[in-house]
Amino acid sequence: MGALWDFVVARRQQLMTDSYLHVSAVIQSVIIATIAAVIIGILVYRSPVGSSVATALASTILTVPSFALLGLLIPILGLGVAPTITALILYALLPIIRNTIIGLDAVNPAITDAARGVGMNRMHVLSRIELPIAWPSILTGMRVSTQMLMGILAIAAYAKGPGLGNLIFSGLSRVGSPNAVPQALVGTVLIVILALILDGIYVVIGRLTTSKGLQ
């Protein structure tokens with residue numbers, strides 16, 4: 001434990017920077033994936049075939065090992081941020097697409113019929129009724145994607161991506177040296193802690209943005 005604490009104290013600036021980059025990359029990827037996934041969900045949720053195809057395609061991406069996907073992206077996008085963020089966005093799509101479709105499907109048709117009866121057009125019904133009702137489900141998909149990406153990003157150090165994965169890979173590559181184990185362990189523990197903090201933030205966001213009648 002002494003060696004672990006000494007490593008944290010000696011590298012605190014690097015740890016703060018890597019933690020910030022890790023969280024930033026995940027949040028940016030989830031935001032982009034959410035925009036894309038919600039649009040896809042809106043386009044297909046009324047069609048059983050469209051919903052199945054969209055979910056199947058996103059599921060197929062999720063079955064590709066992260067090392068393999070990064071290996072496919074590196075020749076196209078090079079090393080660094082571009083292949084890392086692209087891979088994270090692709091992996092984040094499935095939970096959000098699926099939960100968007102589930103949330104929109106759960107809207108009571110009587111509510112939308114009543115809204116149209118008072119003169120609301122399709123866009124008004126979608127933006128004022130359907131999406132707010134589906135929001136808790138969408139947010140759950142975002143939470144799942146965020147937790148998943150926190151771990152996947154660590155592997156993206158293979159593509160010289162940002163974040164705490166570089167700390168873990170560096171430590172594992174120098175097993176036997178004095179700081180190798182503390183380095184890998186600190187990187188791993190920080191990812192777990194940050195993932196829990198982000199999950200707690202999602203809970204707060206959900207309580208603040210969800211209608212009382214839906215909680």
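Treat the numbers as computed from the prediction; the structure is a model and nothing was measured.

Draft legend 1. Local environment of unusual backbone geometry. Residue Lys160 is not a glycine yet carries a positive backbone phi of 60°. One can find Lys160 in the loop between α7 (122-155) and α8 (165-173). Accessibility expressed as a relative area gives 58% for Lys160, which makes it exposed.

Draft legend 2. View of α7. With 34 residues, α7 extends just 43 Å between its outermost C-alpha atoms, more than 12% less than the 50 Å of an ideal straight helix rising 1.5 Å per residue. Bending of α7 peaks at approximately 50° at the position of Trp135, with proline Pro136 no more than four residues after it. Of the residues that open α7, the one with a side-chain oxygen 3.2 Å from the backbone nitrogen of Met123 is Asn121.

Draft legend 3. Molecular detail of the confidence of the model for the protein chain. Of all residues in the protein chain, 94% attain a pLDDT of 70 or more, and the chain-wide mean is 88. The least confident element of the protein chain, judged by mean pLDDT, is helix α1 (residues 2-10) at 69; the most confident is helix α5 (residues 81-105) at 95.

Draft legend 4. Representation of empty space enclosed by the protein within the structure. According to the stated counting rule, one finds 1 cavity of 30 Å³ or more in the structure shown. In this structure, the largest cavity is lined by Ser66, Leu70, Thr84, Ala87, Leu88, Tyr91, Ile152 and Ala156. Mapped by element, the contributors of at least two residues to the lining of the largest cavity are α4 (66-77) and α5. By residue number, the principal contributor to the lining of the largest cavity is α5, which donates 4 residues. Per-class residue counts for the lining of the largest cavity are 6 nonpolar, 2 polar and no charged.

Draft legend 5. Fine view of the UniProt feature "transmembrane region" (unreviewed entry) in the protein chain. Per the UniProt record, the feature "transmembrane region" (unreviewed entry) sits at residues 20-45, 76-94, 149-172 and 184-205. Secondary structure across residues 76-94 comprises 84% helix and 0% strand; the distance between its end C-alpha atoms is 23 Å. The span residues 184-205 shows a helical share of 100% and a strand share of 0%, and its end C-alpha atoms are spaced 32 Å apart.

Draft legend 6. Looking closely at the layout of surface pockets. One number sums up the size of the largest pocket: a volume of about 180 Å³. Lining of the largest pocket is provided by 11 residues; of these, Val8, Leu15, Ser19, Val186 and Leu190 occupy positions nearest its centre. Of all the secondary structure elements, the ones that give two or more residues to the lining of the largest pocket are α1, α2 (12-44) and α9 (180-209). Its residues assigned to classes, the lining of the largest pocket comprises 9 nonpolar, 1 polar and 1 charged.

Draft legend 7. Representation of the packing of aromatic side chains in the model. Following the criterion strictly, the structure yields 1 aromatic pair and no others. Taking the centre distance of 5.0 Å and the plane angle of 75° together, the rings of Phe67 and Tyr158 count as edge-to-face. With a gap of 91 residues between them, Phe67 in helix α4 and Tyr158 in the loop between α7 and α8 connect regions that are remote in the sequence. Since its relative accessible area comes to 40%, Tyr158 is described here as partly exposed.

Draft legend 8. Up close: the environment of Gly187. Tracing the backbone through its elements, the reader meets Gly187 in helix α9. Among the residues examined, Gly187 registers a relative accessible area of 0% and is labelled buried. C-alpha separation for the pair Gly187 and Phe169, spaced 18 residues apart in sequence, amounts to 9.2 Å. When neighbours within four sequence positions are excluded, Gly187 is seen to be in contact with Leu164, Leu167 and Ile168.

Procedures and definitions
Residues numbered from 1 in each chain as written. Predicted model: local features only at pLDDT ≥ 70, side-chain atom pairs only at ≥ 80, totals over all residues. Heavy atoms only, no water. Helix = DSSP H or I, 4+ residues; strand = E, 2+ residues; numbered from the N terminus. Buried < 20%, exposed > 50% of the residue type's maximum accessible area, 1.4 Å probe, protein only. Expected span 1.5 Å × (residues − 1). Bend = angle between axes of the 7 residues up to and from the residue. Polar contact = N/O pair within 3.5 Å; in protein donor to acceptor, adjacent residues only side chain to side chain. pLDDT = per-residue confidence, 0-100. 1 Å grid on protein atoms, 1.4 Å probe; cavity = no way out; pocket = protein on both sides within 12 Å on 5 of 7 lines; lining within 4 Å. Points joined across faces, edges and corners; volume = space filled by probe spheres on them. Nonpolar A, V, L, I, M, F, W, Y, C, P; charged D, E, K, R; others polar. UniProt positions renumbered as here; feature names shortened; annotations may be inferred. Phe/Tyr/Trp six-rings, centres within 6.5 Å; stacked < 30°, edge-to-face > 60°. Contact = heavy atoms within 4.5 Å.

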